[in-house]
Amino acid sequence: MGQTLRAKIAGTGSYVPEKVLTNKELESMVDTTDEWITTRTGIRERRIAVSESSTDMAVHAAERALKSAGVSAADIELVVVGTVTPEMTFPSTACFVQSRLGIKSGVPAFDLSAACSGFLYALDVAEKYIVSGIVKRALVIGVDRFSEIIDWTDRSTCVLFGDGAGAVVLSGTKGKSGIMASNIHSDGRKWDMLYAPGKGRCPFGKENAKKDSDKTESAKKESAEKETPPYLAMSGNETFKVAVRTMVASIKEALKAAKVSADDVKLLIPHQANQRIIEATRQRLKLPKERLFMNLDKYGNTSAGSIPIALDEAYRQGRIKRGDIILFVAFGGGLTWSSAALRW
Ligand code: UT7
């Protein structure tokens, strides 16, 4: 009997921009304090992509992942990028990455929109391509540049996010390592808990039926007020509760499908949104503190970049050894949530 084909992480890489934005600096931008941000979120600073685009960050992270896997761009047969802040509306950031890295023409490359769950969604899709034997090696990237969709005058959101990218090379293997179980979930009914309209105006849309120049001053003011701001909006409190509930459920589902228990997990690498969300999730799983990886103090919430950046750091710090069972879990706008259990 042939052995099961699995998808294993053969290499990791990440990239965060040079510019550091500290809590202290935010104090001079909005009505907040370092103390509030640190105690409510665990975040101390974040990185801002001043000169780097989403593609730039994705390419840097991918180059490091290829190097760590010891493979070249010519070996990649699929590119999936999880992002909600793509380089352009189209083509996909994945196509830009394909071109910049010199990945072969004809190799499928596409973006996937699942907000903060973007990387785990991309990992789940790439894994299916590998275990079904369609491709042997995939480049999976999570990247976001939330600094471009944040309202920098809104203290309830601007303190939470940062920019960055992470990547993995996923390879087919018949050995014991690899993804044992993964799940992805959505609930579009709760879309308005966390969203970013981020669109230009259509001149034919009903909101623009009457040209601005034809309007009275009060009508102009009214329509300006009605116009949806393009920025990220979030019901923080509600999101917090749903995040803990869905992440715990998603982890339990992955553990069950992988036929392992929480005791077997060597390291939980959760989406780095808020220390209190992560802590509540850890406690519900009864995982000891040392089996949890957190780096949000340095980067804040980098959305789809969050898990692969954390994974890359954990791996390079020697926190992951061959044979270890690792757990990923994420939650984000959509709503979306996802988890994966794998043997390193
Ligand atoms: O990737 C997934 C997406 N995002 C998340 O997972 C975020 C989920 N939510 C959270 O992390 C937390 O709900 C927040 C960090 C956003 C907020 O923490 P909280 O403990 O839920 O605070 P709150 O929203 O209940 O606000 C408490 C107070 C409010 O003042 P009042 O109404 O009590 O007077 C806010 O106006 O804190 C105020 N506040 C701030 N104060 C100083 C909100 N933001 C700030 C701020 N600085 N930056």
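A. Representation of the overall build of the chain in the model. The number of helices and strands found in the chain is 11 helices and 13 strands. The C-alpha radius of gyration computed for the chain amounts to 21 Å, which stays within 12% of the reference 20 Å derived for 344 residues, consistent with globular compactness. Oriented by its inertia axes, the alpha-carbon framework of the chain measures out at about 80 × 45 × 35 Å. By residue count, 53% of the 344 residues in the chain fall in the buried class. Of the contacts formed within the chain by residues at least 6 apart in sequence, a portion of 78% connects residues at least 24 apart.

B. Summary view of the site of the ligand. Around the ligand sit 22 residues, and of these T32, R40, N237, H271 and N274 come closest. Here R155 contributes a backbone N or O atom positioned 2.9 Å from a nitrogen atom of the ligand. About the coverage of the ligand: the protein hides 73% of its 950 Å² of free accessible area. Among the elements of the structure, α2 (34–41), α6 (155–158), α8 (236–258) and α9 (275–285) are those that each provide at least two residues to the shell around the ligand. Partitioned by chemical class, the residues of the shell around the ligand number 10 nonpolar, eight polar and four charged. Both domains that meet at the shell around the ligand, namely domain 1 (6–176) and domain 2 (179–192 + 233–343), each give it at least three residues.

C. Inspection of the nonpolar core at higher detail. Grouped together as the largest cluster of nonpolar side chains are 45 residues, with contacts concentrated most on L232, I251, L255, L268, L327 and F331. At the level of elements, β8 (178–186), α8, β11 (265–270), α9, β12 (325–332) and β13 (336–343) are the ones that each hand at least two residues to this core. The dominant element in this core, judged by the number of residues it contributes, is α8, at nine residues. Lining this core are residues from two domains, each supplying at least three of them: domain 1 (6–176) and domain 2 (179–192 + 233–343). Apart from residues lying up to four places away in sequence, F331 is in contact with C116, S117, T239, V242, A243, T246, M247, H271, T336 and W337. With 33 residues, the next largest nonpolar core counts A7, V80, F293 and L342 among its residues.

D. The sheet that holds strand β5 (residues 109–112), seen in detail. On the basis of which strands lie adjacent, the open sheet formed by five strands has the order β1-β7-β6-β4-β5 and mixed pairing. What marks the edges here is a single partner per strand, and that holds for β1 (6–15) and β5. Across this sheet, the average inter-strand angle for adjacent strands is 20°, counted without regard to direction. In the packing of helix α11 (residues 306–316) onto the sheet, contacts are made with β1, β6 (137–145) and β7 (163–173), and the angle to β1 comes to roughly 95°.

E. Fine view of the side chain of T55. Looking at where T55 falls in the secondary structure, it is placed in helix α3 (residues 54–69). Only 2.7 Å separates the side chain of T55 from the side chain of E87, close enough to count as a polar contact. Setting aside residues no more than four positions away along its own chain, T55 makes contact with E87, T93, F96, V97 and R100.

F. Spatial organisation of the side chain of D324. As for its position among the elements, D324 is in the loop between α11 and β12. Buried and without a salt bridge, D324 has K266 as its closest oppositely charged side chain, separated by 4.0 Å. There is a polar contact of 2.8 Å between the side chain of D324 and the backbone nitrogen of K321. For D324, the contacting residues outside a window of four places in its chain are K266, R319, L342, R343 and W344.

G. Examining the pairing of β5 more closely. Of the strand pairs in this sheet, strand β4 (residues 78–82) and β5 are connected by four bridges, and their pairing is parallel. Counterpart to G82 in the pairing with β5 is L112.

H. Summary view of the pattern of salt bridges. In total, this model carries 11 salt bridges according to the counting rule given. The partner of E127 in a salt bridge is K128, with the nearest N and O atoms 2.9 Å apart. Looking at E127, the relative accessible area reads 9%, which means it is buried. Since its relative accessible area comes to 37%, K128 is described here as partly exposed. Across the pair D187 and K190 runs a salt bridge whose closest N-O atoms are separated by 3.0 Å. Overall, the relative accessible area of 12% leaves D187 in the buried class. What you see here is one network of salt bridges that share partners, running through D124, E127 and K128.

I. Just the environment of M193, in detail. You can see M193 is positioned in the loop between β8 and β9 (194–195). Taking the C-alpha atoms as reference points, M193 and R40, separated by 153 residues in sequence, lie 19 Å from one another.

Thresholds, definitions, all that
Residues numbered from 1 in each chain as written. Predicted model: local features only at pLDDT ≥ 70, side-chain atom pairs only at ≥ 80, totals over all residues. Heavy atoms only, no water. Helix = DSSP H or I, 4+ residues; strand = E, 2+ residues; numbered from the N terminus. Rg over C-alpha atoms; globule rule 2.2 N^0.38 Å. Buried < 20%, exposed > 50% of the residue type's maximum accessible area, 1.4 Å probe, protein only. Contact = heavy atoms within 4.5 Å. Near = heavy atom within 4 Å. Polar contact = N/O pair within 3.5 Å; in protein donor to acceptor, adjacent residues only side chain to side chain. Areas by Shrake-Rupley, 256 points an atom, 1.4 Å probe, with all protein chains shown as cover. Nonpolar A, V, L, I, M, F, W, Y, C, P; charged D, E, K, R; others polar. Domains from an automatic or database assignment. Core = buried A, V, L, I, M, F, W, Y, C linked by side-chain atoms within 4.5 Å. Pairing = 2+ DSSP bridges. Axes fitted to C-alpha atoms, helices over the stretch in contact; angles between N-to-C directions. Lys, Arg positive; Asp, Glu negative; His and termini not counted. Salt bridge = Lys/Arg side-chain N within 4 Å of Asp/Glu carboxyl O.

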